[in-house]
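Structure assessment
Listed below are the residues making up each chain.
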Amino acid sequence: SSGINAEYGDSEFFANFEEGETRFKLADVDLRNVSNPTIDLIGKAISLYNGACSKRPAYASSRSRNLPLKYVGIVSNQRCEESYSKRRNKIKEPYEIFAYHATAKNNIRSIIQTNLDPSRKAVHGRAHGDGCYFSEHPEFSASYGQDCMIIFRLLLIEGEYTKVQPDRGGFCQQLVLKDAALFKPTFVLWFIDSPPEPEC
């Protein structure tokens, strides 16, 4: 799978953020301020949500337009980071991507604090087996939640994930992972004017 560019998301980009979600209202953010690395991160989250990649326009054009983005949250979770890094450091040439997971707004706090749980009963079923479901298409994920979406960083290891309906560019409608050490929440995207207050 030719994954979405995952050059952002290394732990040093998030070292200065407090544990939990640090949220920014986009109406108050000056994206022209490229000297601020935080603005760079917010811009990356927006770019990912807009599906910025030359290999996926055909799919994007076939889906409904994305919901307007109101807030971007940057996630810091040391326990997830340590677990993820431990697996990543064992691989000679790790392959990582960003992928999307939409959910109800009431689930955001627990996901930020403890990550997704592959053993938890799925709300929308598990047509492609047990595990946590992600998509490389924000348009697809948006069909599962209208209030918010989480962008995860995924570590793809051959034999430890399932690809569902990859397109010609290699982008998968869904990716299924069973090991929580192979993914970590990175950004929270909010589409509502008054999201719940973030908790560290």
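Keep in mind it's a predicted model, so treat the numbers as computed, not measured.

The rules behind these values
Position labels on residues start from 1 in each chain and follow its written sequence. Whole-chain, interface and lining totals are the exception, using all residues; otherwise, since this is a predicted model, local features are given only for residues with pLDDT of at least 70 and side-chain atom pairs are given and counted only at 80 or more. Neither water nor hydrogens contribute to the side-chain values; these are computed over all heavy atoms in the structure. Helix and strand assignments follow DSSP, with helices taken as H or I runs no shorter than four residues and strands as E runs no shorter than two, numbered in order from the N terminus. Three exposure classes are used, based on accessible area relative to the maximum for each residue type with a 1.4 Å probe and protein chains only: buried under 20%, partly exposed in between, and exposed over 50%. Only the protein chains shown count as cover for residues, with accessible areas throughout obtained via the Shrake-Rupley method and a probe of 1.4 Å. A pair of strands counts as paired when DSSP detects no fewer than two bridges linking them. By the convention used here, residues are in contact when the closest approach between their heavy atoms is within 4.5 Å. By nonpolar core is meant a set of buried Ala, Val, Leu, Ile, Met, Phe, Trp, Tyr and Cys residues that side-chain atoms within 4.5 Å join together. A fitted line through C-alpha atoms serves as each axis, taken over the contacting stretch for helices, and the angle formed by two N-to-C directions is quoted from 0 to 180°.

As a further point, take the overall build of the protein. For the protein, the helix and strand inventory stands at six helices and eight strands. Moving toward the C terminus, one meets the helices and strands of the protein in the order α-β-α-α-β-α-β-α-β-α-β-β-β-β. In the protein, which comprises 200 residues, the proportion classed as buried is 48%. Put simply, the protein shows about 10500 Å² of open surface, and 47% of that area lies on carbon and sulfur atoms.

Within strand S3 (residues 96–103), eight of the eight residues are buried, leaving the element largely enclosed by the surrounding structure. Note: S3 against strand S5 (residues 148–155), eight bridges, orientation antiparallel. Across the sheet, the residue bridging to Glu-96 is Leu-155, located in S5.

With that settled, the discussion passes to the environment of Leu-67. By the element assignment, Leu-67 lies in the loop between helix H3 (57–62) and strand S2 (71–76). Using a relative accessible area of 27% as the deciding quantity, one classes Leu-67 as partly exposed. With residues near it in sequence (within four places) discarded, Leu-67 still touches Tyr-49, Gln-146 and Phe-191.

Our next topic: the environment of Pro-118. Tracing the sequence through the fold places Pro-118 in the loop between helix H5 (108–114) and strand S4 (132–134). According to the relative accessible area criterion, Pro-118 is buried, its value standing at 13%. Along the primary structure Pro-118 and Leu-177 are separated by 59 residues, whereas in three dimensions their C-alpha atoms are 7.6 Å apart.

Further remarks concern the nonpolar core. One finds Phe-134, Phe-152, Leu-154, Leu-177 and Phe-183 to be the most contacted residues of the largest nonpolar core, which totals 26 residues. For this core, the secondary structure elements donating two or more residues are S2, S3, H5, S4, S5, strand S7 (172–177) and strand S8 (183–190). Here the element with the most residues in this core is S5; it accounts for five residues. For Phe-152, the contacting residues outside a window of four places in its chain are Ile-97, Phe-98, Ala-99, His-101, Ile-111, Asn-115, Leu-116, Phe-134, Phe-183, Lys-184, Pro-185 and Thr-186. Listed in part, the 22 residues of the second largest apolar core include Leu-69, Ala-142, Met-149 and Phe-187.

Look at Asn-115: it is not a glycine, yet its phi comes out positive at around 75 degrees. Within the element layout of this structure, Asn-115 appears in the loop between H5 and S4. Owing to a relative accessible area of 7%, Asn-115 belongs among the buried residues under this scheme.

So, about the pairing of S8. Consecutive side chains along a regular strand alternate between the two faces of the sheet. A large share of S8 lies buried, amounting to eight of its eight residues. Of the pairings in the sheet, the one linking S2 to S8 comprises four bridges and is antiparallel in character. Bridging from a neighbouring strand, Val-72 pairs with Leu-189 of S8. Inspection of the sheet shows S5 paired to S8 by seven bridges, in the antiparallel sense.

If you trace the five strands from one edge of the open sheet to the other, you get S1-S2-S8-S5-S3, paired in antiparallel fashion. Among the strands making up the open sheet, the edge pair consists of strand S1 (20–25) and S3. On average, each strand axis in the sheet is tilted by 25 degrees relative to the strand beside it, whichever way the strands run. Here helix H2 (residues 37–49) sits on the sheet and contacts S1, S2, S3, S5 and S8; the angle it forms with S2, its principal contact strand, is near 110 degrees.

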